[in-house]
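Okay, here's what each chain looks like letter by letter:
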Amino acid sequence: MGVCPTATRAINGSVFLGNPGITDNITAANVNSTNAERLVIIEALLAFHQKTCIQFVWHAWRRDYVHFVPGPGCMSPLGRQSGEQYIVLGRNSCIRKGVVQHEVLHALGFHHEQVRSDRDDYVQIYFENIKPGMEGNFYKVNTNNLGTPYDFDSIMHYGNFGFSKNGLPTIISKKYPFHRLGSSLKMTANDIKRVNALYECGRK
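Conventions used here
Residues numbered from 1 in each chain as written. Predicted model: local features only at pLDDT ≥ 70, side-chain atom pairs only at ≥ 80, totals over all residues. Heavy atoms only, no water. Helix = DSSP H or I, 4+ residues; strand = E, 2+ residues; numbered from the N terminus. Buried < 20%, exposed > 50% of the residue type's maximum accessible area, 1.4 Å probe, protein only. Contact = heavy atoms within 4.5 Å. Areas by Shrake-Rupley, 256 points an atom, 1.4 Å probe, with all protein chains shown as cover. Phe/Tyr/Trp six-rings, centres within 6.5 Å; stacked < 30°, edge-to-face > 60°. Disulfide = S-S within 2.5 Å. Polar contact = N/O pair within 3.5 Å; in protein donor to acceptor, adjacent residues only side chain to side chain. Salt bridge = Lys/Arg side-chain N within 4 Å of Asp/Glu carboxyl O. Pairing = 2+ DSSP bridges.

> For the overall build of the protein chain, give the residues involved together with the corresponding values.
Within the protein chain one finds three helices and seven strands. Expressed as a percentage of its 204 residues, the buried residues of the protein chain come to 49%. By sequence separation, contacts in the protein chain at least 24 residues apart represent 70% of the contacts at least 6 residues apart. When the accessible surface of the protein chain is totalled, it reaches about 10,300 Å², and 54% of it is carbon and sulfur.

Here it is in structure tokens:
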């Protein structure tokens, strides 16, 4: 999970929140599931409070803030954006603790693990097996790796068959070809260490 050298960080470790959950178009039929979705999101955010100096607070009058919204797929822009910043969480597959943390880490400035600058030393990318139009998720990036090792288990790592067009692997570990990549359900120790390094948490 390398950080983009040009990504804008949150200010002083504070991330301001709009809507606390996926609450658009609430009806009596889905109130219970919506409450459950909120709890998943809040639980995912609490891990940042507990293990880093990142604090999520309600935005009130703030101009720049993060807003979790429903939509197709799971997605977040890289780094801090100006104004209302959407993190999209599809209801069918994205309301999970690890997925929420993955998308929040994008918002905090972090790339996918398999695109970090030293990835060729650790994994093999099979572009011939990747769905057309999805290759950009695998292009190597000039990242600042914050002095941390490559983490096959990072919450930011794709699985072995991520965006496969033919059922064949798109990524394998060079040293451990049978290692199951992208299997973490929450941030790893390395993920947490990188957040603390980028935001200089030990110095505050």
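> Tell me what's going on with the packing of aromatic side chains, and back it up with residues and numbers.
Evaluated as defined, the whole model comprises seven aromatic pairs. Arranged with centres 5.7 Å apart and planes meeting at 55°, the rings of Y158 and F163 form a pair that is tilted. The exposure class of F163 is partly exposed, given its relative accessible area of 30%. An aromatic cluster of three or more residues is present, and its members are Y122, Y150 and F152.

> Outline the state of the cysteines, supporting the account with residue identities and numerical values.
In a disulfide, the sulfur atoms of two cysteines are covalently bonded to one another. By the definition in use, this model includes two disulfides. In this model, C53 is linked to C201 through a disulfide, with the two sulfur atoms separated by 2.2 Å. Looking down the S-S bond of the C53 and C201 bridge, the torsion is -65°, so its handedness is left-handed. Taken together, the residues C53 in the loop between α1 (31-51) and β2 (55-58) and C201 in the segment after α3 (189-198) connect sequence positions 148 residues apart. In this pair, the class of C53 matches that of C201, namely buried. At a sulfur-sulfur separation of 1.8 Å, the disulfide partner of C74 is C94. Disulfide C74 to C94: torsion about the S-S bond roughly -75°, handedness left-handed. Taken together, the positions of C74 in strand β4 (residues 74-75) and C94 in the loop between β5 (84-89) and α2 (97-107) put the pair 20 residues apart, joining distant regions of the chain. Given the relative accessible area of 0%, C94 is considered buried.

> Describe the side chain of S164, naming the residues involved and giving the relevant values.
One can find S164 in the loop between β6 (123-125) and β7 (171-173). Side chain to side chain, S164 and N166 meet in a polar contact 3.3 Å long. For S164, the side chain forms a polar contact with the main-chain nitrogen of G167, separated by 3.0 Å. Contacts of S164, omitting those with residues within four sequence positions, involve N129, K131 and T170.

> Tell me about the pattern of salt bridges, and please be specific about residues and values.
Counted under the stated rule, the structure contains eight salt bridges. Salt-bridge contacts for R91 lead to E37; the nearest nitrogen and oxygen are separated by 3.1 Å. Here R91 is found in the loop between β5 and α2, whereas its partner E37 is found in helix α1, with 54 residues between them in sequence. Residue R194 pairs with D191 through a salt bridge whose shortest N-O separation is 3.9 Å. You can see R194 and its partner D191 sitting in helix α3, three residues apart, about one turn around the helix. Salt bridges linked by common partners bring E113, R116, D118, D191 and R194 together as one network.

> Give me the pairing of β5: which residues, what numbers.
Along a regular strand, successive side chains alternate from one face of the sheet to the other. Inspection of the sheet shows strand β3 (residues 65-69) paired to β5 by five bridges, in the parallel sense. In the sheet register, V66 faces β5, and the bridge partner there is Q85. Judged from the two bridges that link them, β4 and β5 form a sheet pairing that is antiparallel. The residue of β5 that forms the bridge with C74 is L89.

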